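As a plain string of letters, each chain reads:
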Amino acid sequence: MIEIDFAALARAGLKPAVAQLAAAAQVEEGGELHLVRITEVHRDRVRVHDGRDECPARPLPRLERELADEGDALAVGDWVLAAADAYGQAWVRARVPPLTHLARRDGEGRRRTIVSNVDTALVVMGADGDFSPRRAERYLALAQGSGVAGVVVLTKADLVGEREREERVDELRGRLPRGVDVLAVNATDPATAPRLAPYLGAGETLVMLGSSGAGKSTLTNTLLGASVQATGAVRADDSRGRHTTRARSLFLLPQGGCVIDTPGLRSLRPDVDEQRLAASFDDIDSLAARCRYRNCTHGEEPGCAVRDTVDADRLRNYHRLLRDARRDTMTALERQRQVAGWKARSKSVRAWMKARGRV
Ligand SMILES: Nc1nc2c(ncn2[C@@H]2O[C@H](COP(=O)(O)OP(=O)(O)O)[C@@H](O)[C@H]2O)c(=O)[nH]1
Ligand SMILES: [Mg+2]
Ligand SMILES: [Zn+2]
C-alpha cells in the first residue's frame, strides 16, 4: 500500500508522471509506504518532505548498494518511498526513477550526482569579476544535456555601471543560442522574485548553479521572502565567495514551486555524452550541415559555415567539452584496464631503473 497525498505533495513539486511511477513501484512489504521528496542528503541520513512537514530518514543499506553499483546515489530532489519502523525511524526503501537528473564527473572520472527532478537550472553568475561566458556554457551543457532548461542570471547588476551590464548581457545573447534567456538582476531586491516566476509554475523545481559567491543563496532568500540561507561576503580581489553554503537544500516556496540552493562545484565536468552535449550546442550542430566538407572540424577548412557565425571562444569551449565527454564515455571496465595498464607500465619502469641501480 502506497500513500500518495497529491494535494500536499504538489507543494513539494510532485508531477502526475512521478505519482504514476510511484504507484506502480514494486517494493517489498515493510510498513505503510509514503511518497516523500528528499530535501537534503548527508553521509548516513537524508531529510525528506511530505508537502507538510520535513523529517530525517535513513536510506536502507541495500538501496544505497544497489544505486552505488550503477554509479548512482540518492540526490536532493529525488522522490522516494519511505516507511517508519516500530521505533518511529523512517527508512527510505526505494527511489522513484528521476524524470531528470544532473550529474558531473570528478577529477578521477567518477560520476557524482548533483540533483534530481528539476525543470530549470538558473546559471547564476555575477555581472562583476565573476562573469565568464565559458563557465556559463559549461553549466548550460550540464543542464541542457540532461533535458533541463537553462537560464543565465547575471547578479550584482546594481554593482556595475549600466554600460557594463548591457555589454555583458549583449555578449551572452550574441554567443548563446536564442532559446536561452539571459536576465540581469539585483539578487537582493525583492522585485527580482516576480521576474523568476515564469520558471516557477506549480509543481516546478528550479536549481541554482554557479560559482561560490555568485548570489545563489541570496536569490534563494529573495524567492523565499525570508533569510533562510546564510550568504557570505565575497573577496574584493577576485569576486570569489567563501563556500558559505556547504550542502544542497530544497525549499518549498510560498508562491508555489520549489528551489534547490547548491554550493559552488569545485570542478565542473558535466556528465553528458557526445550526443547530449550537442543538444546544448545545437547552433553549431545545425550550422555544421552547411559546411563544405562533411567531416569539417571548423578549423582551417575552406567553406566552413560554423567559423563565420559562431563565437570563436564558444567553439573552442565546445571542442574541449566534447573531448571530456568522449573520455568519460569509456566504460568502467575500460577505465580499470587503463589504470591497470598504467600501473603495470610504471612498475616495469621502476624495475628497469632498479636493475640499473638508479633507485
Ligand atoms: N549588491 C548585490 N550583492 C549581491 C548580489 N547577489 C549577491 N550579492 C552578495 O554577494 C555575496 C555572496 O552571495 P551568496 O548568495 O552567498 O553567494 P552564493 O555563494 O552563490 O550562495 C553576499 O554578500 C551577497 O549579499 C546582488 O545582486 N547585488
Ligand atoms: Mg550559497
Ligand atoms: Zn565547418
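Relevant structure appears above.
In this text the structure is predicted, and so the values were computed from the model without any measurement. (Residues numbered from 1 in each chain as written. Chains lettered and ligands numbered in written order. Predicted model: local features only at pLDDT ≥ 70, side-chain atom pairs only at ≥ 80, totals over all residues.)

Chemist: What is the right way to look at the overall build of the protein chain in this model?
Modeler: Counting secondary structure elements, the protein chain contains 12 helices and 14 strands. Counting every position in the protein chain, which comprises 359 residues, the buried fraction comes to 37%. Intrachain contacts of the protein chain at a sequence separation of at least 6 include 67% that bridge at least 24 residues. (Helix = DSSP H or I, 4+ residues; strand = E, 2+ residues; numbered from the N terminus. Buried ≥ 20, exposed ≤ 12 C-beta atoms within 10 Å, placed from the backbone. Contact = placed C-beta atoms within 7 Å.)

Chemist: Mind showing me how you'd approach the pairing of strand β9 (residues 120–126) here?
Modeler: One face of the sheet, then the other: side chains in a regular strand alternate in exactly this way. Of all seven residues in β9, seven are buried; the element is thus mostly enclosed. Of the two faces of β9, the one holding Thr-120, Leu-122, Val-124 and Gly-126 and the one holding Ala-121, Val-123 and Met-125 are both buried throughout. Across seven bridges, the pairing between β9 and strand β10 (residues 149–155) is parallel. From the neighbouring strand, Val-124 faces β10, where its bridge partner is Val-153. Running through helix α4 (residues 133–144), the crossover from β9 to the neighbouring parallel element β10 is right-handed. (Pairing = 2+ DSSP bridges. Right-handed = clockwise from strand over helix to strand, strands pointing away.)

Chemist: What is the right way to look at the sheet that holds strand β12 (residues 205–209) in this model?
Modeler: Pairing within the open sheet is mixed, and its six strands lie in the order β11-β10-β9-β12-β14-β13. The open sheet has two edge strands with one neighbour each: β11 (181–184) and β13 (249–252). The average undirected angle you get between the axes of adjacent strands in this sheet is 25°. Relative to β12, β9 runs parallel, the two sharing four bridges. Across the sheet, residue Val-123 finds its bridge partner in β12, namely Leu-209. (Axes fitted to C-alpha atoms, helices over the stretch in contact; angles between N-to-C directions.)

Chemist: Would you take a moment to explain helix α3 (residues 61–69) for this structure?
Modeler: A turn of α-helix holds 3.6 residues, and therefore any two residues three or four places apart point the same way. In terms of residue burial, α3 counts as a barely covered element, since only zero of its nine residues are buried. Among the residues trailing α3, Gly-71 stands out with phi positive, at a value near 70°.

Chemist: Looking at this structure, I do not really get unusual backbone geometry. What am I missing?
Modeler: It is generally the case that most residues other than glycine have a negative phi and that most peptide bonds are trans. With a phi angle near 55°, Asn-117 is a residue other than glycine that sits in the positive phi range. By the element assignment, Asn-117 lies in the loop between β8 (111–116) and β9. Of the residues examined, Asn-117 has 28 C-beta atoms within 10 Å and is grouped as buried. At Lys-156, a position not held by glycine, the phi torsion is positive, near 60°. Mapped onto the secondary structure, Lys-156 falls in the loop between β10 and α5 (162–175).

Chemist: What should I look at first to understand the pairing of β8 in this one?
Modeler: Across five bridges, the pairing between strand β7 (residues 101–105) and β8 is antiparallel. Looking across to β8, one finds that His-101 is bridged to Ser-116. Two successive antiparallel strands, β7 and β8, enclose a turn made up of five residues, where Gly-109 displays a positive phi of approximately 85°.

Chemist: Can you help me understand the nonpolar core in this one?
Modeler: Considering soluble globular proteins, one finds that nonpolar side chains tend to be buried as a cluster. Val-80, Ala-82, Ala-121, Val-123 and Val-124 are the most contacted members of the largest nonpolar core, which totals 73 residues. Take this core: its biggest share by element is six residues, from α4. The contact partners of Val-123, leaving out residues within four places of it in the chain, are Ala-136, Tyr-139, Leu-140, Gly-150, Val-151, Val-152, Val-153, Leu-209 and Gly-210. (Core = buried A, V, L, I, M, F, W, Y, C linked by C-beta atoms within 7 Å.)

Chemist: Mind showing me how you'd approach the environment of Pro-16 here?
Modeler: Checked against the element boundaries, Pro-16 lands in helix α2 (residues 16–23). Sequence separation between Pro-16 and Gly-203 is 187 residues; the distance between their C-alpha atoms is 9.4 Å.

Chemist: So what exactly am I meant to see when it comes to the environment of Arg-52 here?
Modeler: Considering the arrangement of structural elements, one finds Arg-52 in the loop between β3 (46–49) and β4 (54–59). A count of 11 C-beta atoms within 10 Å places Arg-52 in the exposed class. In sequence terms Arg-52 and Arg-11 are 41 residues apart; their C-alpha atoms lie 8.3 Å from each other.

Chemist: Would you mind showing me how to read the environment of Arg-110 here?
Modeler: By the element assignment, Arg-110 lies in the loop between β7 and β8. Here the alpha-carbon distance between Arg-110 and Gly-71, two residues 39 residues apart in the chain, equals 7.8 Å.

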